[in-house]
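What follows is the residue order along each chain.
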Amino acid sequence: MENVNLIDTFAEFKDLKNINRATMVRILEEAFRSVLVKIYGTDQNINVIINTDKGDFEIWRNRKVVADDELEDENLQISLTEARKIDADFEIGEEVTDEVKFEKFGRRAILSLKQNLAGYIMELEKDNLYQKYKERIGQIVTGEVYQVWKRELLVRDEDGNDLILPKTEQIPSDFYRKGETVRAVVAKVEIKNNTPLIILSRTSPMFLERLFEAEVPEIFDGLITIKKIVRIPGERAKVAVESYDDRIDPVGACVGMKGSRIHGIVRELRNENIDVINYTNNMQLYIQRALSPAHINSISIDNENKKAEVYLNAQEVSLAIGKGGCNIKLAIQLCGYDIDVFREQEMAEEDVQLDEFADEIDQWIIDVLKGIGCDTAKSVLELGFDELMNRTDLEEETIKNVLAVLAAEFES
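One structure accompanies this document, and this report is about it. (Residues numbered from 1 in each chain as written. Predicted model: local features only at pLDDT ≥ 70, side-chain atom pairs only at ≥ 80, totals over all residues. Heavy atoms only, no water.)

### Re the state of the cysteines
So, point 1. Under the definition given, this model contains zero disulfides.
So, point 2. No disulfide involves C254; its sulfur sits 17 Å from the nearest other cysteine sulfur, which is in C335.
So, point 3. Its relative accessible area of 0% is what places C254 among the buried residues.
So, point 4. Free cysteine: C374, not disulfide-bonded; nearest cysteine sulfur from C335 at 18 Å.
So, point 5. Here C374 falls in the buried class, since its relative accessible area comes to 3%. (Disulfide = S-S within 2.5 Å. Buried < 20%, exposed > 50% of the residue type's maximum accessible area, 1.4 Å probe, protein only.)

### Let's talk about a negative patch on the surface
So, point 1. Among the surface-exposed residues, D68, D69, E70, E72, D73 and E74 lie close enough to one another that they form a single negatively charged patch.
So, point 2. One can find D68 in the loop between strand 2 (56–66) and strand 3 (77–79). (Patch = residues over 30% accessible without salt bridge, like charges linked within 9 Å, V, L, I, M, F, W, Y side chains within 5 Å. Areas by Shrake-Rupley, 256 points an atom, 1.4 Å probe, with all protein chains shown as cover. Salt bridge = Lys/Arg side-chain N within 4 Å of Asp/Glu carboxyl O. Lys, Arg positive; Asp, Glu negative; His and termini not counted. Charge placed at Lys NZ, Arg CZ, Asp CG, Glu CD. Helix = DSSP H or I, 4+ residues; strand = E, 2+ residues; numbered from the N terminus.)

### Here's the deal with the packing of helix 5 (residues 205–215) against helix 8 (residues 260–268)
So, point 1. Contact pair helix 5 / helix 8: the axes reach a minimum separation of 10 Å and the direction vectors enclose 145 degrees. In the packing of helix 5 onto helix 8, the handedness of the crossing is right-handed. Counting all contacts with helix 5, which are made through F207, L208, L211, F212 and E215, the residues of helix 8 involved are R261, I262, I265 and E268.
So, point 2. Its residues assigned to classes, the contact of helix 5 with helix 8 shows six nonpolar, no polar and three charged. (Axes fitted to C-alpha atoms, helices over the stretch in contact; angles between N-to-C directions. Left-handed = near helix turned anticlockwise from the far one by under 90°. Contact = heavy atoms within 4.5 Å. Nonpolar A, V, L, I, M, F, W, Y, C, P; charged D, E, K, R; others polar.)

### Brief notes about the sheet that holds strand 11 (residues 236–243)
So, point 1. If you trace the three strands from one edge of the open sheet to the other, you get 10-11-12, paired in mixed fashion. In the strand order of this sheet, the two ends are held by strand 10 (224–232) and strand 12 (273–278), each with one partner. On average, each strand axis in the sheet is tilted by 20 degrees relative to the strand beside it, whichever way the strands run.
So, point 2. In this fold helix 9 (residues 283–290) packs onto strand 11 and strand 12, with an angle of close to 160 degrees to the strand it touches most, strand 12. (Pairing = 2+ DSSP bridges.)

### What to know about the sheet that holds strand 14 (residues 307–312)
So, point 1. Strand order in this open sheet of three strands is 13-14-15, and the pairing throughout is mixed. At either margin of the open sheet sits one strand with a lone partner, and together these are strand 13 (298–302) and strand 15 (338–343). Each adjacent strand pair in this sheet contributes to an overall mean axis angle of 15 degrees, direction not counted.
So, point 2. Lying over the sheet, helix 9 contacts strand 13, strand 14 and strand 15, oriented at roughly 125 degrees with respect to strand 13.

### Quick look at the pattern of salt bridges
So, point 1. All chains considered together, the criterion is met by 21 salt bridges.
So, point 2. Notably, a salt bridge pairs K132 with D159, separated by 2.8 Å at the nearest N-O pair. One end of the pair, K132, is in helix 4 (residues 107–134); the other, D159, is in the loop between strand 6 (152–156) and strand 7 (162–166), with 27 residues separating them in the sequence.
So, point 3. For K132, a relative accessible area of 29% gives the class partly exposed.
So, point 4. Between E396 and K400 there is a salt bridge, with the nearest N and O atoms lying 3.2 Å from each other. On the criterion of helical spacing, the pair formed by E396 and K400 is a turn pair, its members being four residues apart in helix 15 (residues 396–411).
So, point 5. Judged by relative accessible area, E396 falls into the partly exposed class, the value being 40%.
So, point 6. K400 sits in the partly exposed class, given a relative accessible area of 41%.
So, point 7. Bridged by salt links that share partners, the residues D174, R183, R202, E268 and R270 form one connected network.

### So, the packing of helix 9 against helix 11 (residues 326–335)
So, point 1. At a closest axis distance of 9 Å, the pairing of helix 9 and helix 11 adopts a crossing angle of 150 degrees. When the interaxial angle is binned, helix 9 and helix 11 end up roughly antiparallel. As for the relative orientation of helix 9 and helix 11, their crossing is right-handed in sense. Contact residues: helix 9 offers M283, Y286, I287 and A290, while helix 11 offers A331, L334 and C335.
So, point 2. Classifying every residue of the contact of helix 9 with helix 11 gives seven nonpolar, no polar and no charged. (Parallel < 35°, antiparallel > 145°, perpendicular 65-115°, else oblique.)

Next up, the structure:
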């Protein structure tokens, strides 16, 4: 009966913790051996056989037959008289294998076995939990808010494991009640006081990246690559994307028809503004895109010191800087350049946007000029004929015609 109770006790753990059969046998054998060592001093001459199909176990002990007056260790030796009670043919020097009835050791030994068993399983479960979430770092998990504390949330996953979402890893406008569902990314896993500590985050750029992968199939399939993400959680984020397939517009694919794809991400992030921009190796154009929605007149770049001076109209300065300076902070983080913003009031009065020449210059030519960072008439004229020939695929006559049209505007 005691044997059955022990196996039933273990079966409860097995069903609860999803431990496989091989691990179950190993843990049970280790638990038995730890108790047998306490009783006999060693387990080297003992075999423990676990029968998981029948739900029972057997313990067999090997002892050497010695003369009655030479018996020193009853665990490792057996007297000739006792041996012949088992089998009359035994002789001195032979080995006797007999079964040990564990229940004869009393309730204290059985209780010790159960405690050891529980301890082994608890340690195994901690290790399994650590390994499981160590492999899931950077992945999104969904859980239920179990406790709301001042500095953190206790979240339970579908298996009942405890996860921690610190206040510092929550979006400032996040507000959860007990029982609500929360989504976050696994930020790190560490051991504290011999217990796995799984830390979640909703402010990490990884969280935003995984949300894009979930909402945009082209990113999940690898057709579009996220080059870099920078965030001020709850305020603004900038995402640089690139497509290796010219037929795919990476920005359009991420935003979706009428913003259908990005709206879900924005709602999850508590209405955080998300700027999706095309990545480019052209740093001048990249900085211009990074400062969106501000319109840039011209840029002066010092690549050696990674600095950039941006000139724009007075009314565009506030857009470039953003609320609390968040737009320019994110642009600096995205590009890796120190960006200084300068007002250029005279240019604002004298310069003319290229789009205003649509009646005289074909739209595709205007798009080519914008592609090299020229949005205004003066920015094109400043490059000159030779530079335009080097940086565009436009024909010589086309460039001369464009320069003539733009120059005529200022002459008039």
